[in-house]
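Coordinate inspection notes
Now for the letters of each chain:
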Amino acid sequence: MTSTARSGPCTETARRRLPAPLLLAIDGRSGAGKTSLAVETAALLRPHLEVAVFHLDSIYPGWDGLAASLPTYVQDIVTPLSGGRTARWTWWDWTADAPGRADATPPADVVILEGVGAGNRNARPYLDAVAWVAMEDDERQRRALRRDGETFAAHWDRWAAQEDSYLAGDRVDEAAWLTLDGHGPTPQAAADLVEGLRSLAGWEAALALVPAPGPPQWERRTLATAAEPRALFAAAGGPDAATALLLESSDRDVTPAPERSRYSLIGLATDSSTVAAHTDGVTTVSSGLLTLRRAGPFFPWLATVWPGGPDGGDPDSPFQPGWMGWIGYGIKREAGSPDGAATLAASADETAPTVPEALLFRPGRGASVDHVAGTTALFWSADDPGGPEWADRVAGELLKELPPELGEGQTAAPPASPPVFTVRDTREQYLAKIRAAQQEIHEGNTYEVCLTTALESTVDAFDGWSTYRRLAAANRAPFTLYLRAQVAGAGVGREPVQILSTSPERFLSVSSRAAGGWLVTEPIKGTRPRGATPDEDRTLAEELASSSKDRAENIMITDLARNDLSRFARPGTLATTRVCAIESYPTVHQMVSTVTAQLQPGVPPADALAAAFPPGSMTGAPKISTMDILEDLEAGPRGVYSGVAGYLSADGAADLNVLIRTLVAVPAGPAGVTEPVESAEPASAAGRSGRTHLSLGVGGAITADSVPEEEWDEVRTKAHGVLRVLGSAFPDA
């Protein structure tokens, strides 16, 4: 702020192109860089739109006038401009400390309103976007006084106190739809702001006139070797990255379906990567200097950003850099099942770990391994100056003689102090819930209920990467996954949320648009443990294959999958290509079916994903009414468990697993004086995180013919694969 207004309204003289003005408020504390951002943003838009910029310090009535200026701002500036009328107002003469000359701001295509108070609550109903510029206090003061010198220095504390009062009663920083980091270069911040505005409702017509950046460009390097995926992930820096994902076909050497396990993928977020997290009906997208908060359902947002690029790229990789991450079970509300008692139980527990309901990121670096062709393809953003050096380092590490990963028949020693788990439902409670589910079946409200519970533990040290390596070696599966993600509010410090999955189940794969958009889902229903001897093992597999109960469970869920895919299937393409087949994994035999269909032309693949979500194998059937029943039966939210994870390629392809056989590790708060803490790793373990909450979801399908005691035994069987690697026992209950 200066003793005279820096500039009056600046209006481009070009003819207006839109029927009504769009009002963008840029708010923030003094010195954060609001004025520079407003001017730079206007410069980006002016070649294509008529733009006006109004600075609120033109009308502040003196150094004590912040609060007094806000009603005037809303009445004389915002209200008429929002209605397409000229705003008529009076300058404040800072030299004379008195009202000055009259002026006017005519409407324009875009009007940028800049200054402390621009996004206040009484103005917000008239505004088309509110941006907040964030910067810590010391840096703001240094910048403001460097800009305005002694004039502002004498009044800094006085004005800052008014800002404190304003924000104490009106948290504009939390209400703003867009937040800019004021530390970055202003041209980049302005470009990020314009790109953020593109995703807001109402701005489509205006910003269609403003050229968008071209699609991301990628550099690639192909190595003539199929890297071991875990060694590749380690060489790429994945175990230490803030956000990274390994999608591994850990059964590739023993699978009866080599095409399904042909590829392994890794992706790492960089400082410039976009990360999107969805919680409680709000999708928060961070990209560059911008954080955007968009209220509304998750899947409609997803349809606006995926597919997000042209076909092409590396024809030998299934993943053209797009999105990677997870979609948790809680997004089920978008399928028509509202939150009930189970979901709301978490909000009532202030100590419960908080994890986004969905999180996706755009990797800036990554790789794909083709286990059939024997090649590894590295990729990185063409804008990444460190990309070539990273690729050199990864290639060099892979040429070294690395310690072999654990393979077939090998086991690793469990941690010295295994975690001690509790179970959400005791045996008797779970049996009672099975009987309640069967009562719902007898009353005709459902015909199959996928009831779940959870095992939980809190440990004071947890090495997620080391644990995953042991899990992947012991429980080989086609959709093995290790994901770590830096999540705001998930715990103390900067430890990531970690997902360790040895899932055998495919939720949905989609081929690229160029390949016809084929959908494949492979629901699993029916489980038996592996036998101690070859004869016993063969007997158990045959028993599963011939079980009328398990076949009925599987066929019901297969019919549900057919219904889900049929909603957007091209007529005549829906097919069940495999029914009640038996697949064997290290700890269990599973019954699997396969349903395929071709996506109708013009239908976004995100719509097909939404139609199939959540996985029917984890709900029961009919899907919506059964999810409502589960909200009453289950004692808490499922969270990540029984959601899906994988990749969404820029060319429209996708492959997502079902998050079963999955350990979720979330940073926990400081230890309480009464809460016991176990150790999952030695205190000196490399790469370990701090105090961590572990959860392992387990469950099974309940039908009218289910024997409750046998269903409880199945829960124990499904937990065994993870627990044995941890060295933990199923809790007595």
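By the naming in an unreviewed UniProt entry, the protein chain goes by Chorismate-utilising enzyme C-terminal domain-containing protein and is assigned to Citricoccus zhacaiensis.

Each helix and strand in the protein chain was counted, giving 19 helices and 32 strands. In the protein chain, the share of contacts with a sequence separation of at least 24, taken over all contacts with a separation of at least 6, comes to 77%. Carbon together with sulfur atoms contributes 52% to the accessible area of the protein chain, which is approximately 28800 Å² in total.

Note that Asp-192 resides in helix H7 (residues 186-198). One buried charged residue, Asp-192, forms no salt bridge at all, with the nearest opposite charge on Arg-198 at 10 Å.

Attention now goes to the confidence of the model for the protein chain. Considering every residue of the protein chain, the mean pLDDT works out to 89; 90% of them sit at 70 or more. Taken as a whole, residues 2-13 scores under 50 in pLDDT and shows 42 contacts with residues more than four places along the chain or in a different chain. Taken together, the stretch residues 671-687 has pLDDT below 50 and engages in 39 contacts with residues farther than four places along the chain or on a different chain.

Turning next to the pattern of salt bridges. Applying the stated criterion to the full structure yields 40 salt bridges. We note a salt bridge from Arg-140 to Asp-137, for which the minimum N-O separation is 2.8 Å. Residue Arg-140 and its partner Asp-137 are located together in helix H3 (residues 137-148), separated by three residues, close to a single helical turn.

Our next topic: unusual backbone geometry. Residue Pro-307 is reached from Trp-306 by a cis peptide bond, and omega for that bond is -5 degrees. Relative to the helices and strands, Pro-307 is located in the loop between helix H10 (298-305) and strand S15 (323-327). Between Phe-613 and the following residue, Pro-614, the backbone shows a cis peptide bond with an omega angle of -10 degrees. Assignment of secondary structure puts Pro-614 in the loop between helix H17 (605-612) and strand S28 (620-621). Positive phi, close to 50 degrees, is recorded for Asp-280, a residue that is not glycine. Counting through the fold element by element, Asp-280 comes out in the loop between strand S12 (275-279) and strand S13 (282-287). The phi dihedral of Cys-580 is positive, around 55 degrees, even though this residue is not glycine.

Glancing now at empty space enclosed by the protein. Inspection of the entire model under this criterion finds four cavities of 30 Å³ or more. Estimates place the volume of the largest cavity at around 180 Å³. If you list the elements that add at least two residues to the lining of the largest cavity, you get strand S20 (448-459), strand S25 (524-529), strand S32 (692-702) and helix H19 (708-726). Take the lining of the largest cavity: its biggest share by element is five residues, from S32. Taken together, the residues of the lining of the largest cavity sort by class into eight nonpolar, eight polar and six charged.

Before going further, it helps to spend a moment on the packing of aromatic side chains. Counted by the stated rule, this structure contains 21 aromatic pairs. Seen in terms of ring centroids, Trp-218 and Phe-379 are 5.7 Å apart; in terms of plane orientation they differ by 85 degrees. Their pairing is edge-to-face. Here the residue Trp-218 occupies a position in strand S9 (residues 218-223), and Phe-379 occupies one in strand S18 (residues 375-381), the gap between them amounting to 161 residues. Centroid distance Phe-298 to Trp-301: 5.8 Å. Interplanar angle 40 degrees. Geometry classified as tilted. Of this pair, Phe-298 and Trp-301 both sit in helix H10, three residues apart, which is roughly one turn of the helix. We note that Phe-298, like Trp-301, is buried. The ring of Tyr-329 carries Arg-638 above its face, with NZ or CZ at 4.3 Å from the centroid.

The next point concerns helix H15 (residues 534-546). In a regular helix each residue adds 1.5 Å, so 13 residues correspond to 18 Å; H15 covers 18 Å between its end C-alpha atoms and thus fits that length. For H15, every residue scored as buried is listed here: Asp-537, Leu-540, Ala-541 and Leu-544. With its buried residues spanning 95 degrees around the axis, H15 presents them on a single face. Packed against the buried residues of H15 are S25, helix H16 (548-566), strand S26 (575-584) and strand S27 (588-598).

Time to look at the packing of helix H14 (residues 464-474) against H19. Where H14 contacts H19, the two axes come as close as 9 Å, and the packing angle between them is 130 degrees. With respect to H19, the element H14 is oriented oblique. H19 is crossed by H14, and the crossing has right-handed handedness. Where H14 approaches H19, its residues Thr-467, Arg-470, Leu-471 and Ala-474 are matched on the opposing element by Gly-721, Val-722, Arg-724, Val-725 and Leu-726. Split by residue class, the contact of H14 with H19 holds five nonpolar, two polar and two charged.

In this structure, Asp-564 sits in helix H16. Looking at Asp-564, the relative accessible area reads 7%, which means it is buried. Between the C-alpha atoms of Asp-564 and Ala-610, which are 46 residues apart in sequence, the distance is 9.2 Å. Residue contacts for Asp-564: discarding those within four places in its chain leaves Ala-611, Ala-612 and Lys-623.

Let's shift gears to the pairing of S26. Pairing of S26 with S27, which is carried by seven bridges, proceeds in the antiparallel orientation. For Ala-581, the partnering residue across the bridge sits in S27 and is Val-592. Count of turn residues in the S26/S27 antiparallel hairpin: three residues.

So, on to the pairing of S15. Burial analysis of S15 places five of its five residues in the buried class, the great majority of the element. As defined by bridge partners, S15 adjoins strand S16 (residues 358-361) across four bridges and the pair is classed as antiparallel. By the bridge assignment, Ile-327 is partnered in S16 with Ala-358.

What counts, and at which threshold
Residues numbered from 1 in each chain as written. Predicted model: local features only at pLDDT ≥ 70, side-chain atom pairs only at ≥ 80, totals over all residues. Heavy atoms only, no water. Helix = DSSP H or I, 4+ residues; strand = E, 2+ residues; numbered from the N terminus. Contact = heavy atoms within 4.5 Å. Areas by Shrake-Rupley, 256 points an atom, 1.4 Å probe, with all protein chains shown as cover. Buried < 20%, exposed > 50% of the residue type's maximum accessible area, 1.4 Å probe, protein only. Lys, Arg positive; Asp, Glu negative; His and termini not counted. Salt bridge = Lys/Arg side-chain N within 4 Å of Asp/Glu carboxyl O. pLDDT = per-residue confidence, 0-100. 1 Å grid on protein atoms, 1.4 Å probe; cavity = no way out; pocket = protein on both sides within 12 Å on 5 of 7 lines; lining within 4 Å. Points joined across faces, edges and corners; volume = space filled by probe spheres on them. Nonpolar A, V, L, I, M, F, W, Y, C, P; charged D, E, K, R; others polar. Phe/Tyr/Trp six-rings, centres within 6.5 Å; stacked < 30°, edge-to-face > 60°. Lys NZ or Arg CZ within 6 Å of the ring centre and 35° of its normal. Expected span 1.5 Å × (residues − 1). Arc of directions from axis to C-beta. Axes fitted to C-alpha atoms, helices over the stretch in contact; angles between N-to-C directions. Parallel < 35°, antiparallel > 145°, perpendicular 65-115°, else oblique. Left-handed = near helix turned anticlockwise from the far one by under 90°. Pairing = 2+ DSSP bridges.

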